[in-house]
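Observations on chain architecture
Below are the chains, spelled out letter by letter.
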Amino acid sequence: FEKLHAFLETSYPLIHKTMEREVVSRGSLLYRWKGRGKGKPYALLAHMDVVSIDHPEHWTVEPFCGAYDGTYVWGRGAADMKCQLIAIMETIEQLIAEGFTPNQDVYLCFGHNEEVMAPHSGAKAMAELLKSRGVELEFVADEAGAIMMEPPFGIQKPVAMVGMAEKGFANLELTIRGDGGHSAEPEGLSALELASQFIVALGQNPMPYRLIPTVEAYVQDLAGAMAPEERERIERDPDYVFEKMAEDKKCHAMVRTTIVPTVMRSGQIFNAIPSEAKVILNSRILPGDSAETVSAHIKAVLSQCGIADYTLEVAKYAPPAPVTPNDAPTFQILKKLYLAWYPDFIVTPYLVTGGTDSKNYAGVTGEIYRISASLSYR
């Protein structure tokens with residue numbers, strides 16, 4: 001990160017002459033561009049870290065070389081999310097060169113550990129620092145909503161997606177106990193068999209569909225570009241909305257809290273029947289749900305399977321971020337900007353099904369937007 005900090009300083013000299021810069025939590029960068037004192041400040045976010053490389057031999061180029069072949073930039077983080085970081089820096093460097101000064105203060109908040117859900121989050125530290133200084137932000141803009149050039153449901157217009165809500169996150173650790181013994185003389189159901197039964201039952205009994213206002217607006221906006229018979233059916237049949245959303249995995253994830261088993265550990269040697277099985281369950285939580293409602297659903301499925309000897313613990317939990325209202329003032333400005341760029345855009349709110357650093361800023365702003373400076377193709 002120190003090398004990256006130095007690269008930014010060398011590459012963007014006007015920013016570093018004009019703006020205040022602080023290193024926060026050892027790796028994160030907080031910039032302040034002082035404005036004319038007219039209006040509340042706002043913040044542009046990006047994170048500098050990327051997902052680690054598990055299998056470098058699968059790459060056709062060195063993962064961190066940033067190779068450019070004349071069409072594409074190749075490298076870990078080119079899409080998530082060095083592009084956003086560099087787009088912000090390029091834009092502001094150019095504006096400073098043109099003599100521009102913003103009306104209000106502008107903060108740049110570049111986190112260093114978004115990908116790992118670190119307990120000492122750089123984004124959280126920057127948000128807390130701003131709050132301690134009495135800074136109240138008009139809005140925060142972070143990553144996520146791209147412009148879909150090939151949207152779902154056969155829609156022929158590009159869809160500019162603005163993330164107005166974000167799912168929560170929970171890791172739950174489930175330990176199931178069963179009959180142990182020797183594989184030569186099996187009796188009853190082992191913990192491994194019980195855990196397998198539970199996993200199958202969980203997949204067959206997901207949490208119920210639910211339409212939050214953000215996603216309802218998304219459905220209505222997309223329905224306006226569908227064939228008349230499709231639009232009419234969506235308007236009169238709520239169940240068909242969920243059936244339609246299920247056609248696309250990203251849309252499907254917007255209408256329910258998901259619970260997915262991602263890790264299972266059981267057994268030590270080949271001839272010993274395991275008496276204990278541990279299952280890690282990752283849940284992405286719809287606004288309105290919580291770790292408690294997720295736990296209650298898991299317990300109901302366990303009961304349905306007849307499993308009584310277990311423990312369930314919430315290992316990590318980040319509640320869903322506060323939802324930005326669809327009629328928020330800045331969203332209307334963003335909508336006008338998109339349409340000024342390309343009048344044929346469908347500009348719509350949507351729910352981010354992953355997680356971003358922006359949730360850490362809920363204590364200093366009431367408006368959080370998740371948009372990306374990129375076009376998305378399937």
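Just above, that's the structure.
Note that residues are indexed from 1 along each chain, following the sequence as it is written. Totals for whole chains, interfaces and linings use all residues, but because this is a predicted model, local features are given only for residues with pLDDT of at least 70 and pairs of side-chain atoms are given and counted only at 80 or more. Hydrogens are left out, water is left out, and the side-chain values use all remaining heavy atoms of the structure.

Regarding the overall build of the chain
The number of helices and strands found in the chain is 11 helices and 16 strands. Its C-alpha atoms put the chain at 80 × 55 × 45 Å along the principal axes. Only protein chains enter the accessibility calculation, which uses a 1.4 Å probe. A residue is then buried if its area is under 20% of the maximum for its type, exposed if over 50%, and partly exposed in between. Burial statistics for the chain: of 378 residues in total, 45% are counted as buried. Sequence separation of at least 24 residues holds for 78% of the intrachain contacts in the chain that already meet a minimum separation of 6. Note on areas: Shrake-Rupley with a 1.4 Å probe; residue coverage comes only from the protein chains shown. Working note: accessible area of the chain is about 19500 Å², and carbon and sulfur atoms make up 53% of it. Put simply, DSSP H or I for four residues or longer makes a helix, DSSP E for two residues or longer makes a strand, and each gets a number counted from the N terminus. Note on definitions: a residue-residue contact is assigned when non-hydrogen atoms from the two residues lie within 4.5 Å.

Description of the sheet that holds strand β14 (residues 310–318)
Here, a strand pair is defined by DSSP locating no fewer than two bridges between the strands. The strand order β11-β13-β9-β14 describes an open sheet built from 4 strands, whose pairing is antiparallel. Each edge of the sheet is formed by a strand with only one pairing partner; in this case those strands are β11 (258–266) and β14. With direction set aside, neighbouring strand axes in the sheet form an average angle of 20°. In terms of strand pairing, strand β9 (residues 168–177) meets β14 through 8 bridges, oriented antiparallel. The convention used is that axes are lines fitted to C-alpha atoms, helices contributing only their stretch in contact, and that angles between N-to-C directions extend from 0 to 180 degrees.

Side note on the pattern of salt bridges
By definition, a salt bridge exists where a carboxyl oxygen of Asp or Glu is found within 4 Å of a side-chain nitrogen of Lys or Arg. Taken as a whole and judged by the stated rule, the model has 12 salt bridges. Between Glu166 and Arg370 there is a salt bridge, with the nearest N and O atoms lying 2.9 Å from each other. Of this pair, Glu166 sits in strand β8 (residues 159–166) while Arg370 is found in strand β16 (residues 368–376), placing the two residues 204 residues apart along the sequence. Side by side, Glu166 and Arg370 carry an identical accessibility label, which is buried.

Quick notes on helix α4 (residues 122–132)
All of the buried residues in α4 are Gly122, Ala123, Met126, Ala127 and Leu130. The buried residues of α4 occupy an angular sector of 135° when projected down its axis, which confines them to one face. Across α4 from its buried face, at more than 90 degrees, point the exposed residues Lys131 and Ser132. Nitrogen and oxygen atoms within 3.5 Å of one another constitute a polar contact, given that in protein one can donate a hydrogen and the other can accept it, and given that sequence-neighbouring residues count only through two side-chain atoms. Where α4 starts, the residue carrying a side-chain oxygen 3.2 Å from the main-chain nitrogen of Ala123 turns out to be Ser121. One or two positions beyond α4, positive phi appears at Gly134, with a value near 75°. What the arc measures is the spread of directions leading from the helix axis to the C-beta atoms.

Description of the nonpolar core
Among the nonpolar cores identified, the biggest contains 35 residues, and Tyr31, Leu108, Phe110 and Val162 are the most heavily contacted of them. In this structure, Leu108 is in contact with Met19, Leu29, Leu30, Tyr31, Leu44, Ile88, Met89 and Ile92, ignoring residues within four places of it in sequence. Within this scheme, the nonpolar core is defined by two criteria: the residues are buried Ala, Val, Leu, Ile, Met, Phe, Trp, Tyr or Cys, and they are joined through side-chain atoms within 4.5 Å. Within the second largest apolar cluster, 26 residues are counted, among which are Ala223, Tyr240, Val241 and Ile346.

Brief notes about the state of the cysteines
Cysteine sulfurs are considered disulfide-paired once they come within 2.5 Å of each other. One pass over the full model with this rule turns up 0 disulfides. The structure places no disulfide on Cys65, whose sulfur is separated from the nearest cysteine sulfur, that of Cys83, by 16 Å. Residue classification places Cys65 among the partly exposed residues on the basis of a relative accessible area of 41%.

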